[in-house]
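Now for the letters of each chain:
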Amino acid sequence: MPTAASRRAAFKALHEKGRAFLMPNPFDIGSARILDGLRFDAMATSSAGYAWTQGVRDAEGLISRDAALAHAADIIGACGVPVNGDLENGFGDAPEAVVETVKGAMEVGLAGCSIEDYTTDPQNPYYSLELAVERIKAAVDAKNAIAPDFVLTARSEGPVKTDYELEETIKRLNAFVEAGADCVYAPQLKDKDQIVHVLSKVDAPLNILAGRKNFHLTRKELGDLGVTRVSIGAGLARIAYGAFIAAAEDMKDGGSFGSFDRADGVADSTVDFESFMKARP
């Protein structure tokens, strides 16, 4: 297995190339082995995907820092590529809480992590700009003191439906860049014109979330625009759980078992997923 230092260096180098490298998100050890076997350059944990495996909803404070980092360690141990951690809001409001999370991320061997400005409080969903920046600055200082090549991604979770909302998002992303973030990410961005506008206003590697409905830009198109990184988020987990419940409903409501005829040929895959699983020597 590669060392934590070599994974960090490889991950940092992917961001410097700047051509929409693809970073899918496994949700357990098995899915990590499959993605590693398919030879992706990097992968990332998914807070939602992992939460669902634990039977809870995402972004409601039901997953602890220790649980998220233990899950990240499992994913790292199952693959040989750099792994980025989806570490939500850093598991605490205060900058000190974010520092603890980032230190933990480096200790378990993550090559990078993302920190959100979402509070988990529905009444006040986003941190003030001042506090959001203070949290990112503290995280940057912590990682620079230990491993400067650790990739710290700052996320602006707010909506971008209006011109005002888009400009506020750009304001936040630029503030995060000024605070020292290595990469920025606004999950609500999916419109081509908006992506182009953000790229023209923010001078930093940009992550785009592609694993969702009605996202039709290709990886090549995103690379041509200037996008650095493409993540899938909970998209693969949602497909897996969706197929599971569809088959279960088929059995329960229709009384038929045809879903199992399709099980080995979902999406016409030419690869048996079991070939990527660890076997007895």
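Going by the structure above, here's the rest.
Source: prediction; values computed, not measured.

Peer 1: How should I be thinking about the pairing of strand β5 (residues 151-155) in this particular structure?
Peer 2: Two faces, one strand: in a regular strand the side chains alternate between the faces of the sheet. In terms of residue burial, β5 counts as a mostly covered element, since 5 of its 5 residues are buried. Residues Val151, Thr153 and Arg155 line one face of β5 and the alternating positions Leu152 and Ala154 line the opposite face, and both faces are buried. In terms of handedness, the path from strand β4 (residues 112-116) via helix α6 (residues 129-146) over to β5 forms a crossover that is right-handed. Once you follow β5 into helix α7 (residues 163-178) and on to strand β6 (residues 183-185), the crossover reads as right-handed.

Peer 1: Would you mind showing me how to read the environment of glutamate 16 here?
Peer 2: Tracing the backbone shows glutamate 16 in helix α1 (residues 4-17). Residue classification places glutamate 16 among the exposed positions, given a relative accessible area of 62%. Between the alpha carbons of glutamate 16 and leucine 152 there is a distance of 14 Å; along the sequence they are 136 residues apart.

Peer 1: Looking at this structure, how should I read the pattern of salt bridges?
Peer 2: Two side chains of opposite charge can pair, provided their charged atoms sit close to one another. Counted by the stated rule, this structure contains 11 salt bridges. Among the ionic pairs, lysine 137 bridges to aspartate 141, the shortest N-O distance being 3.0 Å. With lysine 137 and aspartate 141 both in helix α6, this residue pair falls 4 residues apart, about one helical turn. We classify lysine 137 as partly exposed; its relative accessible area is 38%.

Peer 1: Looking at this structure, I do not really get helix α8 (residues 192-201). What am I missing?
Peer 2: Residue pairs three or four apart in sequence face the same way in an α-helix, which turns once every 3.6 residues. Listed in full, the buried residues belonging to α8 are Gln194, Ile195 and Val198. Along α8, the residues classed as buried sweep out an arc of 100 degrees about the axis, all on the same side. Facing away from the buried surface of α8 by more than 90 degrees, the exposed residues are Asp193 and Ser200. Turning to α8, the residues buried within the fold contact α7, β7 (206-209) and α9 (219-225). Its side-chain oxygen at 3.1 Å from the backbone nitrogen of aspartate 193, aspartate 191 defines the N-terminal cap of α8.

Peer 1: What exactly am I supposed to notice about a nonpolar patch on the surface here?
Peer 2: Side chains of Met251, Phe257 and Phe260 sit close together on the surface and give an oily, nonpolar patch of about 320 Å² of accessible area. Judged by relative accessible area, methionine 251 falls into the partly exposed class, the value being 33%.

Peer 1: It is not clear to me how the side chain of asparagine 89 should be interpreted in this structure. Could you clarify?
Peer 2: Counting through the fold element by element, asparagine 89 comes out in the loop between β3 (83-86) and α5 (95-108). Discounting chain neighbours no more than four positions away, the residues touching asparagine 89 are Val98, Ile115, Glu116, Tyr118, Thr119, Thr120, Tyr127 and Arg135.

Peer 1: Can you help me understand the sheet that holds β4 in this one?
Peer 2: By way of backbone hydrogen bonds, the strands of a sheet pair with one another, either parallel or antiparallel. Read from one edge to the other, the open sheet built from 8 strands follows the order β1-β8-β7-β6-β5-β4-β3-β2, with strand pairing classed as parallel. Each edge of the sheet is formed by a strand with only one pairing partner; in this case those strands are β1 (21-23) and β2 (43-44). Two strands pair when backbone bridges link them, and β6 and β7 are joined in this way by 2 bridges, in the parallel orientation. Bridge pairing in β7 places valine 184 opposite leucine 206.

Rules used in this analysis
- Residues numbered from 1 in each chain as written.
- Predicted model: local features only at pLDDT ≥ 70, side-chain atom pairs only at ≥ 80, totals over all residues.
- Heavy atoms only, no water.
- Buried < 20%, exposed > 50% of the residue type's maximum accessible area, 1.4 Å probe, protein only.
- Helix = DSSP H or I, 4+ residues; strand = E, 2+ residues; numbered from the N terminus.
- Right-handed = clockwise from strand over helix to strand, strands pointing away.
- Salt bridge = Lys/Arg side-chain N within 4 Å of Asp/Glu carboxyl O.
- Arc of directions from axis to C-beta.
- Contact = heavy atoms within 4.5 Å.
- Polar contact = N/O pair within 3.5 Å; in protein donor to acceptor, adjacent residues only side chain to side chain.
- Patch = residues over 30% accessible without salt bridge, like charges linked within 9 Å, V, L, I, M, F, W, Y side chains within 5 Å.
- Areas by Shrake-Rupley, 256 points an atom, 1.4 Å probe, with all protein chains shown as cover.
- Pairing = 2+ DSSP bridges.

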